[in-house]
Amino acid sequence: AGMNGGGMGLQSAIEAIQDICLTVSGVRAAPDYPPEAANVYPFVACYATTGAFRGGPAGVMTALHTIAVEIHVARKELPRDVAAVIPYGELVAAALLTLPTLSGTVDTIRAGEGITYTFGGMAWGGQETVGWRLLVPVKIQSTL
């Protein structure tokens, strides 16, 4: 991670999230950019989904981003696969909330909104998966 030199910014935040995810016991891959296909499970893919850029007083821009953090396991035997992936939602959310500036890459995870999620069937690279899609709202302020 950190190939863009660190500091604040959307890609820096994504790389920090992936580094944090790799500290969660059992996560086998969390690349800086979404991979074409998964070859190890569980793996975490992370990317921006929605957001807004707002001008503010004294030449300050506020960026409000929502970053998706997807935790996948291969879907082969549903009861076993759900049992394998179910702990990761809370573990990853707790790891992220423990570092609300995402290692100094954002001003804050917007705690008032919280990390929301969906859980269930997903897919990656043509492979059926099951897992979590966490939505992490962050704020980054910068000088224009």
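Keep in mind it's a predicted model, so treat the numbers as computed, not measured. (Residues numbered from 1 in each chain as written. Predicted model: local features only at pLDDT ≥ 70, side-chain atom pairs only at ≥ 80, totals over all residues. Heavy atoms only, no water.)

1. Quick word on the environment of Leu 134
Using the following cut-off: Note on conventions: DSSP H or I runs of at least 4 residues are helices, E runs of at least 2 residues are strands, and numbering of each starts at the N terminus. Should any heavy atoms of two residues lie within 4.5 Å, those residues are counted as being in contact.
Summarising the element assignment, Leu 134 is placed in strand β5 (residues 127-143). Residues Leu 134 and Ile 67, 67 residues apart in the sequence, show an inter-C-alpha distance of 8.1 Å. Excluding anything up to four places from it in sequence, Leu 134 contacts Ile 67, Ala 68, Val 69, Ile 71, Gly 89, Val 92, Ala 93, Ile 115, Thr 116 and Tyr 117.

2. Topic: helix α1 (residues 10-22)
One turn of an α-helix holds 3.6 residues; hence residues three or four places apart share an orientation. Defined as follows: Between the first and last residue of a helix there are one fewer steps than residues, each counted as 1.5 Å, and that sum is the expected span. Note on exposure labels: buried denotes an accessible area under 20% of the residue type's maximum, exposed denotes more than 50%, and partly exposed covers the range between, all computed with a 1.4 Å probe on protein chains only.
Over its 13 residues, α1 runs 19 Å from end to end, which matches the ideal 18 Å to within 8%, given 1.5 Å per residue. Summarising burial for α1: 10 of the 13 residues are buried, a large majority. Where α1 is concerned, the buried positions are Gln 11, Ser 12, Ala 13, Ile 14, Glu 15, Ala 16, Ile 17, Gln 18, Ile 20 and Cys 21. Lining the buried residues of α1 we find β1 (43-55), β2 (60-74) and α2 (78-98).

3. Here we look at the nonpolar core
Most often, soluble globular proteins have nonpolar side chains that are buried together. Here is the rule: Put simply, a nonpolar core is a bunch of buried Ala, Val, Leu, Ile, Met, Phe, Trp, Tyr and Cys residues held in one set by side-chain atoms that sit within 4.5 Å of each other.
Membership of the largest hydrophobic core comes to 32 residues, with the highest contact counts inside it found for Ile 17, Val 69, Ile 71, Val 92, Leu 96 and Leu 102. At the level of secondary structure, the elements contributing two or more residues to this core comprise α1, β1, β2, α2 and β5. With residues up to four places along the chain from it excluded, the contact list for Leu 96 reads Ile 17, Ile 20, Leu 102, Ile 109, Ile 115 and Val 136. The next biggest cluster of nonpolar side chains, apart from the first, holds five residues, and it includes Tyr 41, Phe 43, Ala 45 and Trp 124.

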